[in-house]
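Chain by chain, the residues:
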Amino acid sequence: MNPTGRPRDESAPQRVGAEGRPVSHAEIVAVAGPVLRARASGAFALREAVEVGDHALLGEVVKLDGDEIVVQVYEDTAGLRPGVAVEGSGAPLSVPLGPGLLGRMFDGLLRPLVRGETPFVRPGMRRAAGEVFAFTPLARPGDELPAGAIFGEAAREGLPAQACLLPPTAGGTVVSIAPGGALADTAVACTLRDASGAERGVAMRHAWPVRTPRPVLARRVPDAPLITGQRVLDTLFPVARGGKAAIPGGFGTGKTVLLEALAKGCDADVIVYLGCGERGNEMAGVLAEFPELVDPRTGRALMERTVVIANTSNMPVSAREASIYSAATVAEYFRDQGLHVALMADSTSRWAEALREVSGRFGELPGEGGYPAYLASRIAEFYERAAIADTLCGRVGSVTVIGAISPPSGDFSEPVTSHTKRYVKAFWALDVQRAQARFYPAIHPLQSYAEDAAAFAPWWTSHGNSRWLELRRRFLTLLDEQARLERMARIVGKDALPARQQLALTCADVLNEAFLRQSAFSPVDRRCGPARQGAMMRVTARFLDLAQAAVEAGVAPERIPRLDAYRPLLRMGEEIGEDELERFDALEAALEREFAALVGGAPPAGA
Amino acid sequence: MLVTVEHAAARLEGPLMFLRRTVDAGLGDAVEVHSPSGPPRLGRVAALDTKHMTIEVLESTAGLDLGRSVVRFFGEPLAFGLSGGVLGRVFNGVGEPVDGGPPIAAAQRHAVDGLPLNPVERANPRDFIETGVTAIDLLNSLVRGQKLPLFSAGGLPHDRLAVAIATHARLRDAEPGAFAIVFAGIGVPWESAEYFRASLARSGALARTALFLNLASDSSTQRLLTPRFALTAAEYLAYVEGKHVLAILTDMTNYCEALREVSSSKGEVPSRKGFPGAMYSDLATLYERAGIVHGHPGSLTQLPILTMPADDIGHPIPDLTGYITEGQIVLSRELDRRGVDPPIDVLPSLSRLMKDGVGGRFTHADHPALASQLYAAYARAVQARVLASVVGADGLAETDRRYLAFGDAFEGTLVRQEEPRTLEESMAAGWRLLRDLPRAELARLSDAQIAAHLSEA
C-alpha cells in the first residue's frame with residue numbers, strides 16, 4: 001500500500017486514491033486540440049485521471065477502444081506530439097480536501113493559484129505542498145470511529161480550528177493518533193484498523209473523486225431560509241438553507257454584483273465562490289475586497305470563511321467543465337463537518353457551454369441549441385448536490401447552491417435557463433429595465449418565484465416577524481397591480497386614473513424605492529439582517545395603510561409625496577443602520593403625525 | 001530550430017493542408033508554407049498522428065499546390081519578436097512592418113496566443129481615467145486595466161469617439177508620460193485606417209503608437225491573428241516596458257465574421273447564427289488580455305469597437321462581448337440623427353469597474369450618488385416619454401412633465417458636448433440638471449448632498 005512508510009503525497013489530485021493498483025502507461029498516437037488518443041500498455045479505467053508529458057498535464061480518460069484510450073486534457077496541449085508518454089493514476093479525477101482550503105484561491109481542478117515567478121498560468125502540475133497546522137487530537141487509541149467521523153482539529157496560525165474528517169470510506173478502531181502540535185496536513189495523523197484487520201493511515205487532508213457526491217447519513221427537508229441579507233430575496237423570494245436558487249440575467253443586469261453581495265452578506269459558515277468562465281478582474285476584486293470586509297456574524301475577515309475557485313474565461317475550457325464538480329465537492333466537504341455552506345456558481349451557462357464544446361469535439365449528436373442531450377440531467381445532478389443533511393460525523397450541515405445563468409441575449413427560453421427552472425426552488429430573474437435605471441438588485445418581482453416561501457413562515461414568526469407571510473403576499477399583490485395599472489396608464493394617461501389607482505402607483509413606487517432597492521455599495525445597506533428587514537417591512541406596510549386611509553378620506557394622491565417624511569421613508573435603507581432600529585419607530589410616528597395632519601386639513605371629499 | 005519539408009503534402013482542403021509526418025513537430029507549432037505562386041503563408045500544426053499531420057494555413061490557400069509546396073517548421077508556437085521600437089511603426093496584420101522602415105530588432109519573442117493571467121497576480125483596476133466625455137467620465141467611468149467596448153453600428157461616429165478618447169485620456173494626478181497606444185485595424189476599410197493614422201499624427205500621438213492594419217482587402221483568415229499580434233505587442237509594452245497602454249481594436253465584428261468563415265471551412269458544428277460554439281472562449285482569450293499586474297508598473301486598457309449587425313444588441317457578437325468585457329458604451333442611431341454628439345445611449349451603457357475608480361479616494365465623494373441619481377431620473381424621463389407618445393404631454397402628471405423636460409436637457413446639454421470637459425465641469429453640469437426636479441424625487445441623494453450641491457445660488 002505504502003511500502004516506503006513515507007506519507008504519500010496526498011496533494012496531487014491525480015495521485016490520491018491510487019490504492020495499490022500498478023500505474024499504467026500509454027503513448028500518444030494522435031492529438032488534436034485538447035483531445036488525444038494513446039496506445040495503452042496496461043489497464044486504464046474510464047474517467048481515470050492521467051498525466052501527460054513532461055509538464056504532467058492533467059487529463060481524464062473519456063473513451064476506451066481496444067488498446068487505445070481517448071484522453072481529454074484539462075490544459076493547453078501545445079507542443080504535444082506522437083510518442084509522448086501518458087501515465088495513469090489508478091484513480092478517478094479527485095481533489096484534495098483539508099484544512100488548507102479556506103481563505104485561498106484555486107483553479108478549476110483545485111490546484112492552488114499562488115503568486116509565482118511569472119504572472120501567467122503556465123500549463124502543468126502545480127501541486128499543493130504540504131502545509132503545517134496546529135493539530136489537536138479528538139480521539140484516543142482504542143476508540144471506534146465510524147467512516148467520516150471527526151478525529152481531530154486543525155488550525156492555521158491565528159485562525160479558528162477546523163474539524164479533521166476521516167474519509168467517508170475509512171472507519172475503524174484507532175490504533176494510534178498524533179499528539180497535539182504542529183503537523184503537516186499530508187502526514188499520517190491517525191492510524192485505523194478496520195474490521196478485516198487492515199491498517200490504514202489517515203492524514204488531515206484526504207482526496208475525493210469530484211464527480212461522486214459525498215455520502216451523508218440522511219437528508220432532511222429544508223425548513224429554514226438562508227438569510228441572504230438582501231430584502232427582495234429574503235422577503236419576497238427566499239431560498240432554503242440546503243436549497244437551490246438560480247439567477248438568470250443578460251449581461252449588465254447585475255448577476256455578479258448580486259452574487260458577491262450574497263457571498264458577503266448571507267448567514268452561511270462557509271462560502272464556496274466559483275468563477276466559472278468569468279472575468280479575471282472579478283476574481284482579483286474578490287481577493288482584494290474580501291480580506292478587508294468583516295463577517296458580521298463572527299467579526300473576522302470575510303476571506304477566512306471563503307474558498308474561491310477560479311476558471312476564468314481565458315483558461316482552458318475543458319477544466320471549466322470539471323470546475324463545477326470541484327466546487328460542489330469542496331462545499332460537501334465543509335457540510336460534512338456540520339457547517340452551513342453556500343455555493344455560488346458564476347456562471348452555470350459557461351459550464352454548459354464547456355459541456356457543449358467538449359461534446360462537439362467527441363462528435364456527439366447535438367441536441368437543443370447545440371447542447372448535448374444529457375445537458376438536463378447534468379444540470380439536475382449539479383443542483384441535487386444541494387442538501388441539508390445529517391452528516392457522517394453526526395452533525396447537521398447544509399449546502400445551498402446558487403447558480404447564475406447567462407442566457408444569450410437575455411432570453412429565458414433558452415435550454416440552460418429552462419432546464420434549470422425545473423430543478424431550482426427559487427428563481428431570481430434579473431430585469432434589464434431595472435438594471436438600466438441602476439435599480440439594484442434588479443430582480444423582476446413578477447418573473448421571479450420561490451416555491452418554498454410558505455414553509456418559512458414559522459421561522460420568521462420565531463424570529464419576531466409574525467406578519468411576514470401576510471405582508472409578503474400584500475407586497476407581491478401590489479407589484480402585480482402596478483404592472484397592470486402602468487399598462488393602462490400608457491393608454492389613458494396617469495391623470496385619467498381614479499384616485500385609488502393613482503395611489504396604488506405611488507405605493508408601488510415607495511415599495512420599490514424604500515424597501516426593494518438596496519445598494520450593494522452602501523456601507524449601511526449592503527446587508528440587511530432579519531430584524532431590520534422586519535422593521536422596514538412594518539414601516540412600509542404602515543405607510544400603505546396610512547396612505548390608503550388618507551385617500552379614502554379624500555386626500556388627493558399627489559399630495560402624499562410632498563410629505564416631509566416621504567424622502568426619509570424612501571432613504572431609510574441607506575440612512576438607518578442595523579443597530580438603530582428605534583429610528584424606524586420614529587419614522588413611523590412621523591408618518592402617522594403627518595398623515596393625521598393631511599387628513600385633518602383635507603378639503604371634504606368631492607370638493 | 002528550422003526544418004524544411006518538401007513533397008510531403010498529400011491533400012489540400014479549404015484552409016487545411018494534410019502532410020505525411022516526416023518531422024517531429026508539436027501541436028500548435030508555427031509553420032510557413034512556401035510556394036512559387038506567392039509570398040510565404042503562415043500556418044500552424046492543428047492535428048497530429050503517427051503518420052500524418054494537419055496544417056491550418058492562416059492565410060488564403062488559393063494558388064497552393066501539392067507538389068511544389070515547401071513547409072518550414074519553426075519548432076515553436078507562432079511568436080512575435082518585440083522591442084520598444086514597435087512604437088511609431090506600422091505593421092500588417094501579422095506583425096511585419098509595412099511602413100518601409102527596417103525590421104524590428106527583437107529584444108524578446110512572445111507567443112502571440114498569450115497565456116492566461118493568474119487571477120491572484122492581477123491588481124484591481126482603480127485609477128480613474130478622464131476621457132473628457134461626460135457620458136463616460138461622469139456616468140460610466142473608465143479605469144486603467146479595464147476592457148470597455150464601444151457598441152456601435154454602421155454609420156455612427158465610433159471612430160471619432162475612439163480617437164477623442166485616445167487623444168484626451170489622462171490620469172487626474174497627471175503622471176509623467178509612459179502612455180502608449182496600440183491600434184489594431186481588423187478588416188477595416190482603408191479610409192478608416194487612414195483616418196486613425198492621420199488623426200493620431202495630427203495630435204502628435206503617432207510616435208507613441210503601434211499600428212497594426214489588416215485592411216478589408218486583406219485575407220480574412222489573417223484577421224484572426226491581427227488582434228493577437230497587436231495584444232502581444234501591447235502586453236510587452238505594458239508588462240515589460242512598463243507603459244500604460246490603451247489598445248483600440250476595431251472592428252471586432254469583422255474578427256467574428258472571419259472566425260465564422262474559418263470555423264465553417266473546418267467543418268465545425270455551428271452554433272447561434274452560424275458562429276462557432278467556442279466563440280465566447282475565443283473572444284475571451286482576447287478581451288481577458290487587459291489588466292494590471294501586481295508589481296508591474298504598466299497597465300493594459302482595452303477599447304474594442306464593434307458594429308452591431310442590424311443595430312441588434314442581442315446579436316451574438318455584442319452579446320458574447322458584453323458577457324466578457326467590463327461594461328459597454330452603446331451608441332444610438334436615434335441620438336445621432338437628433339444631432340447629439342457623441343450619440344452615447346446612456347441607459348444600456350455600463351462600466352462595471354466604475355465602483356472601484358470613483359468616489360472620495362479617486363474623483364469626488366458625491367460622484368457615485370450623482371451618477372446614480374442621474375441614471376434613475378433619466379430612466380424615469382424615458383418612461384415618461386413612452387407615456388407621452390400615446391397620451392401626449394398634456395395627459396401626464398406634473399411630475400412626469402418635469403421629467404420630460406429633464407430628459408431633453410440631459411441629452412441636449414449633458415450627453416452632447418462640443419469640447420472635452422474635465423470631471424468637475426461634467427459634475428457641475430449634472431448637478432445643474434437635477435435642480436429642476438422636485439426634491440422629493442431625489443431619493444438617491446442624501447440631505448447633505450442636496451444641501452451642498454442643489455441649494456439655489
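Residues numbered from 1 in each chain as written. Chains lettered and ligands numbered in written order. Predicted model: local features only at pLDDT ≥ 70, side-chain atom pairs only at ≥ 80, totals over all residues. Heavy atoms only, no water.

## Here's the deal with the overall build of chain A
Within chain A, the regular secondary structure consists of 15 helices and 26 strands. Here chain A has a C-alpha radius of gyration of 28 Å; the compact-globule value for 607 residues is 25 Å, and the two agree. For chain A, the spread of C-alpha atoms along the three principal axes comes to 95 × 55 × 45 Å. Expressed as a percentage of its 607 residues, the buried residues of chain A come to 60%. Taking all contacts inside chain A whose residues are at least 6 apart in sequence as the whole, residues at least 24 apart take part in 69%. Carbon and sulfur atoms provide 53% of the accessible area of chain A, an area that totals close to 22000 Å². Mean positive and mean negative side-chain charge positions of chain A (67 and 73 charges, respectively) differ by 1 Å. (Helix = DSSP H or I, 4+ residues; strand = E, 2+ residues; numbered from the N terminus. Rg over C-alpha atoms; globule rule 2.2 N^0.38 Å. Buried < 20%, exposed > 50% of the residue type's maximum accessible area, 1.4 Å probe, protein only. Contact = heavy atoms within 4.5 Å. Areas by Shrake-Rupley, 256 points an atom, 1.4 Å probe, with all protein chains shown as cover. Lys, Arg positive; Asp, Glu negative; His and termini not counted. Charge placed at Lys NZ, Arg CZ, Asp CG, Glu CD.)

## Some thoughts on the sheet that holds strand β9 (residues 132-137) of chain A
Residue and element names in this part refer to chain A. Strand order in this open sheet of four strands is β12-β11-β9-β14, and the pairing throughout is antiparallel. Each end of this open sheet is capped by a strand with a single partner; those strands are β12 (162-165) and β14 (181-184). Direction aside, the axes of adjacent strands within the sheet are offset by 45° on average. Where strand β11 (residues 150-155) meets β12, four bridges bridge the pair, whose relative direction is antiparallel. Of the residues in β12, the one forming a bridge with Ala 154 is Gln 162. (Pairing = 2+ DSSP bridges. Axes fitted to C-alpha atoms, helices over the stretch in contact; angles between N-to-C directions.)

## Quick notes on the packing of helix α2 (residues 255-265) of chain A against helix α3 (residues 280-289) of chain A
Residues and elements named next belong to chain A. Packing of α2 against α3 brings their axes to within 12 Å, and their N-to-C directions diverge by 25°. Comparing the axis directions of α2 and α3 gives the class roughly parallel. Regarding α2 and α3, the two cross each other, and that crossing is right-handed. On α3, the residues that touch Thr 256, Glu 260 and Lys 264 of α2 are Glu 282, Val 286 and Glu 289. Here the residues of the contact of α2 with α3 sort into one nonpolar, one polar and four charged. (Parallel < 35°, antiparallel > 145°, perpendicular 65-115°, else oblique. Left-handed = near helix turned anticlockwise from the far one by under 90°. Nonpolar A, V, L, I, M, F, W, Y, C, P; charged D, E, K, R; others polar.)

## Section: the packing of helix α10 (residues 468-492) of chain A against helix α12 (residues 530-552) of chain A
All names here are of chain A. For the pair α10 and α12, interaxial distance at closest approach is 11 Å and the crossing angle is 55°. The orientation of α10 relative to α12 falls into the category oblique. Crossing angle aside, the handedness with which α10 passes α12 is left-handed. Touching Trp 468, Leu 471, Arg 472, Arg 474, Phe 475 and Leu 478 of α10 are Met 537, Thr 540, Ala 541, Leu 544, Asp 545 and Gln 548, all from α12. Of the residues in the contact of α10 with α12, the class split is seven nonpolar, two polar and three charged.

## As for the side chain of Arg 305 of chain A
Residue and element names in this part refer to chain A. As for its placement among the helices and strands, Arg 305 is situated in the loop between α3 and β21 (306-312). No salt bridge forms around the buried Arg 305; measuring N to O, its nearest opposite-charge neighbour Asp 295 is 4.0 Å away. Within the structure, the side chain of Arg 305 is placed 3.0 Å from the backbone oxygen of Cys 266, a separation counted as a polar contact. Once residues within four sequence positions are removed from consideration, Arg 305 is found in contact with Leu 102, Ala 263, Lys 264, Gly 265, Cys 266, Ala 268, Asp 269, Val 270, Ile 271, Asp 295 and Arg 297. (Salt bridge = Lys/Arg side-chain N within 4 Å of Asp/Glu carboxyl O. Polar contact = N/O pair within 3.5 Å; in protein donor to acceptor, adjacent residues only side chain to side chain.)

## Some words on the packing of aromatic side chains
For any pair of aromatic rings, geometry is given as the distance between the ring centres together with the angle between the planes. Residues and elements named next belong to chain A. Going through the model one piece at a time under the given rule, you end up with 23 aromatic pairs over all chains. Where Trp 351 meets Phe 382, the ring centres are 6.3 Å apart and the plane angle is 45°; that geometry is what we call tilted. Remark: Phe 382 occurs in helix α6 (residues 375-383) and Trp 351 occurs in helix α5 (residues 348-361); sequence separation between them is 31 residues. The exposure class assigned to Trp 351 is buried, which follows from its relative accessible area of 1%. (Phe/Tyr/Trp six-rings, centres within 6.5 Å; stacked < 30°, edge-to-face > 60°.)

## Re the pattern of salt bridges
Counted by the stated rule, this structure contains 73 salt bridges over all chains. Of the charged contacts, one joins Arg 111 of chain A and Glu 75 of chain A as a salt bridge, the two residues approaching to 2.9 Å between their closest N and O atoms. With Arg 111 of chain A in the loop between β8 (105-106) and β9 and Glu 75 of chain A in the loop between β5 (68-73) and β6 (85-92), this pair connects stretches of sequence that are 36 residues apart. Note on accessibility: Arg 111 of chain A and Glu 75 of chain A belong to one class, buried. Here Asp 24 of chain B ties to Arg 81 of chain A by a salt bridge, and the two come within 3.6 Å at their closest N and O atoms.

## What about the nonpolar core?
Residue and element names in this part refer to chain A. The biggest cluster of nonpolar side chains holds 88 residues, and the ones touching the most others in it are Met 344, Trp 428, Phe 543 and Phe 595. Broken down by element, the residue count for this core peaks at eleven residues, all from α12. In this structure, this core is formed jointly by two domains, domain 3 (223-453) and domain 4 (468-600), each of which donates at least three residues. In this view, Met 344 contacts Leu 259, Leu 262, Ala 263, Cys 266, Ile 271, Val 272, Tyr 273, Leu 274 and Ile 402; residues no more than four positions away in its chain are not counted. (Core = buried A, V, L, I, M, F, W, Y, C linked by side-chain atoms within 4.5 Å. Domains from an automatic or database assignment.)

## What to know about the environment of Gly 410 of chain A
Looking at the secondary structure, you find Gly 410 of chain A in the loop between β24 (396-405) and α7 (415-423). Exposure remark for Gly 410 of chain A: the relative accessible area of 31% places this residue in the partly exposed category. Taking the C-alpha atoms as reference, Gly 410 of chain A lies 40 Å from Leu 64 of chain A; in sequence the two are 346 residues apart. The contacts of Gly 410 of chain A, once residues within four sequence positions are left out, are Gly 250 of chain A together with Tyr 323 of chain B.

## As for the confidence of the model for chain A
Considering every residue of chain A, the mean pLDDT works out to 90; 95% of them sit at 70 or more. Note that residues 1-20 of chain A has pLDDT below 50 and, in this model, 47 contacts with residues that lie over four places away or in other chains. (pLDDT = per-residue confidence, 0-100.)

## So, the domain arrangement of chain B
Residues and elements named next belong to chain B. Here chain B is partitioned into domain 1 (3-76), domain 2 (81-357) and domain 3 (367-454). Using only C-alpha atoms to locate each centre, domain 2 and domain 3 end up separated by 32 Å. With 24 residues of domain 2 at the contact, the number on the domain 3 side is 23 residues. Between domain 2 and domain 3, the buried area comes to about 1900 Å², and carbon and sulfur atoms account for 62% of it. Among the residues of domain 2 in contact with domain 3, Thr 134, Leu 138 and Leu 347 are the three that bury the most area, contributing 31% of the side total. Where domain 2 touches domain 3, the interface holds one salt bridge. Counting across the interface, domain 2 meets domain 3 through 14 residue pairs in polar contact (both at pLDDT 80 or more). Going through the elements one at a time, β12 (128-130), α1 (134-137) and β22 (344-351) are the ones with two or more residues in the side of domain 2 that touches domain 3. Examining the composition of the side of domain 2 that touches domain 3, we find that four residues originate from one element, β22, more than from any other. Residues of the side of domain 2 that touches domain 3, tallied by class, amount to twelve nonpolar, seven polar and five charged. (Buried area = accessible area lost by both parts, 1.4 Å probe.)

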